[in-house]
Amino acid sequence: MKKTIILYCVCCIAALYLTACKKEAQLTTASADKTADKPAPARKPKAKVINTLNAFGWIIEGGDVAATDLNGNGIPDLIYLINDAPAGPNYFRYYVGWDVSETGYPSSVTGIKQIASNSSISEGAGIAVGDIDKNGIPDLVLLAYDAPDGPNNFVYIVGFNLNANGDPAYWSSPITVFGTNYVAQGAAASLADIDANGTLDLLLSSYHFDVEGKFTYKIAFNLNSAGFSTNIKDYGVHAGTYLGHIIQDIGTALADLNGDGKQELFIVGNDNPPGQNSFRVITATVTPTGELEKVSGFKQYEGLGESGQGTGVTIADFDRDGTRDILFLSVTDTPAEDYYKYYIGYSITWNPRSKTWEPFFD
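Criteria and thresholds
Per chain, the residues get numbers from 1 upward, laid out in the order the sequence is written. Given that the model is predicted, a residue must reach a pLDDT of at least 70 before its local features are reported, and side-chain atom pairs must reach 80 or more before they are shown or counted; all residues, however, enter totals for whole chains, interfaces and linings. Each side-chain value is worked out from all heavy atoms of the structure, with water and hydrogens disregarded. Secondary structure follows DSSP: runs of H or I at least 4 residues long count as helices, runs of E at least 2 residues long count as strands, and numbering of each begins at the N terminus. Categorising residues by exposure relies on relative accessible area from a 1.4 Å probe, with only protein chains included: less than 20% of the type maximum marks a residue as buried, more than 50% marks it as exposed, and the intermediate range marks it as partly exposed. Contacts between residues were defined by any pair of non-hydrogen atoms, one from each residue, lying within 4.5 Å. Surface exposure here means Shrake-Rupley accessible area, sampled with a 1.4 Å probe, where a residue is shielded only by the protein chains that are shown. For this analysis, a ring pair means two rings from Phe, Tyr or Trp (six-membered ring only for Trp) whose centres lie within 6.5 Å, classed as stacked if their planes differ by under 30 degrees, edge-to-face if by over 60, and tilted for the remaining angles. Ring-over charges, as used throughout, are those where CZ of Arg or NZ of Lys falls within 6 Å of the ring centre and within 35 degrees of the ring normal. Think of a 1 Å grid over the protein atoms and nothing else: a 1.4 Å probe that fits but is trapped marks a cavity, an open set flanked by protein within 12 Å on at least five of seven lines marks a pocket, and residues with an atom within 4 Å of a point count as lining. Grid points are joined across faces, edges and corners, and a volume is the space filled by probe spheres set on the points. Contacts described as polar in this section are N or O atom pairs within 3.5 Å, which, within protein, must combine one atom able to donate a hydrogen with one able to accept it, while residues neighboring in sequence count only if both atoms come from side chains. As used in this record, nonpolar core signifies buried Ala, Val, Leu, Ile, Met, Phe, Trp, Tyr and Cys residues forming a set joined through side-chain atoms within 4.5 Å.

Participant: How should the overall build of the chain be read in this particular structure?
Facilitator: Scanning the chain from terminus to terminus reveals one helix and 24 strands. Per-residue burial over the chain gives 51% buried out of 362 residues. Residue pairs at least 24 apart in sequence account for 55% of intrachain contacts in the chain once pairs closer than 6 positions are excluded. Carbon and sulfur atoms make up 58% of the accessible area of the chain, which amounts to about 16,200 Å² in all.

Below you can see the structure in the form of structure tokens.
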């Protein structure tokens, strides 16, 4: 009799336990279903902060900016560049801003560094940073677009093995590449492994200044340890890259944003009509053979002033959240002083509606 009662009690307890488990499972499933029904929380945009730094120029014809990590602490540093173009020989002037905040302002800066740009009539300048000689130390490319009457030329120099102050161990000789047009207004340089073979390639571009406006480019594939290429391809004008007919300068940036092994390209022009300027931005994907695909129409972003004489763009994870951000820069030329003005857009994302890569802004 006792055994029967005990067995009956055990069965009742087991039944109650199974019922409770079933209810808990139903509640858990319902909760999970409700969670799945909720959309993912939208990324909270960060406020747009405009930074201003002195550009230390006299007659500026082109400027740019590049992000890197010179002191190796995991925080982006910025290298700011202008091409100073008085009558006679022109000069590159650049300096480093260390450890920029998530809004882009540096904790401290170096002194001004000056070197001949090997150009006397410049119409644009560019900067790019990468490990060209594959020794684990960043190298610096400085570009001027030499634009006398007649054929124009890209002229660049390479500063190898930058230290934490942005000083190279040595400079290359000037390297000249035939230009892409006769009437340029702006030029840019970007480094990336476009053909995915482990060696950096250099994208050289200019903007043809006429009523139509034309973005033209060449790629110097597989730079050797001296910064030269024996395989330079001319891609001419790409249809659909019109930015405007009053473009003062351009900038470019390359990055593989979706991990497919192809480089996304940002083409940024500073549209400079009377009055307020604006940034006009086209995005595209560069194939391993150098052609452009998925070319967007231009999208317009807030400009910085009324007298932009240089345009820069660079990509880095400025807020250290694991996504890439983009910095737009203008070199503002005033009668009194010249300034770098710039701001950052965060978490570059593909927009399937407009078919372009876009940052977030508040």
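Participant: Teacher, can you tell me more about the packing of aromatic side chains here?
Facilitator: The description of an aromatic ring pair rests on the distance of the ring centres and on the angle between the ring planes. Per the counting criterion, the structure on display carries 14 aromatic pairs. Judged by centre distance (5.9 Å) and plane angle (75°), the ring pair of Phe-56 and Tyr-95 falls under edge-to-face. Here Phe-56, found in the loop between β1 (51-54) and β2 (60-68), pairs with Tyr-95, found in strand β4 (residues 91-98); they are 39 residues apart in sequence, far enough to count as distant. Considering the side-chain rings of Tyr-80 and Tyr-95, the 5.2 Å spacing of their centres and the 35° angle between planes classify their relative orientation as tilted. Of this pair, Tyr-80 sits in strand β3 (residues 77-84) while Tyr-95 is found in strand β4, placing the two residues 15 residues apart along the sequence. Note on accessibility: Tyr-80 and Tyr-95 belong to one class, buried. Put simply, the rings of Phe-56, Tyr-80, Tyr-95, Tyr-340 and Tyr-342 touch in pairs and so form one group of aromatic residues. Over the ring of Tyr-343 we find Lys-48, and its NZ or CZ is 4.6 Å from the ring centre.

Participant: It is not clear to me how the environment of Val-268 should be interpreted in this structure. Could you clarify?
Facilitator: Note that Val-268 resides in strand β17 (residues 263-271). Exposure remark for Val-268: the relative accessible area of 0% places this residue in the buried category. When the C-alpha atoms of Val-268 and Tyr-301 are compared, they prove to be 10.0 Å apart, with 33 residues separating the residues in sequence. Ignoring anything within four residues of it in the chain, the contact list for Val-268 reads Leu-243, Asp-249, Ile-250, Gly-251, Phe-279, Arg-280, Val-281, Thr-311, Val-313 and Phe-328.

Participant: Looking at this structure, I do not really get the layout of surface pockets. What am I missing?
Facilitator: It is the rolling of a water-molecule-sized probe over the atoms that shows where space remains empty. Put simply, the largest pocket is a space of about 330 Å³. Lining the largest pocket are 19 residues, with Ala-67, Leu-191, Leu-254, Thr-314 and Ile-315 positioned closest to its centre. For the lining of the largest pocket, the secondary-structure elements that each account for two or more residues are β2, β7 (122-130), β12 (184-192), β16 (247-255) and β21 (308-316).

Participant: Where do I start with the side chain of Asp-84 in this structure?
Facilitator: Along the chain, Asp-84 falls in strand β3. Polar side-chain contacts of Asp-84 include one of 2.9 Å to the side chain of Arg-93. With sequence-adjacent residues up to four places away left out, Asp-84 is seen in contact with Gly-57, Trp-58, Ile-59, Ile-60, Asn-90, Tyr-91 and Arg-93.

Participant: Hey, could you run me through unusual backbone geometry in this one?
Facilitator: What you tend to see is this: most non-glycine residues have negative phi, and most peptide bonds are trans. We note that Ala-196 has phi near 55°; this positive angle belongs to a residue other than glycine. Along the chain, Ala-196 falls in the loop between β12 and β13 (201-208). Judged by relative accessible area, which is 53%, Ala-196 ranks as exposed. Although it is not a glycine, Lys-355 adopts a positive phi angle of roughly 55°. Structurally, Lys-355 can be placed in the loop between β23 (338-351) and β24 (356-360).

Participant: Looking at this model, I keep getting lost on the nonpolar core. Mind explaining?
Facilitator: Across soluble globular proteins, nonpolar side chains show a tendency to be buried alongside one another. Among the nonpolar cores identified, the biggest contains 21 residues, and Ile-132, Val-141, Tyr-156, Leu-191 and Leu-202 are the most heavily contacted of them. Within the residue set of this core, elements represented by two or more residues are β8 (139-146), β9 (153-160), β11 (175-178), β12 and β13. When residues no more than four places from it in sequence are discounted, the contact partners of Ile-132 are Asp-139, Val-141, Val-158, Phe-160, Leu-191, Leu-200, Leu-223, Asn-224 and Gly-227. Core analysis: the second largest hydrophobic core is formed by 20 residues, Tyr-217, Ile-247, Ile-250 and Ala-284 among them.

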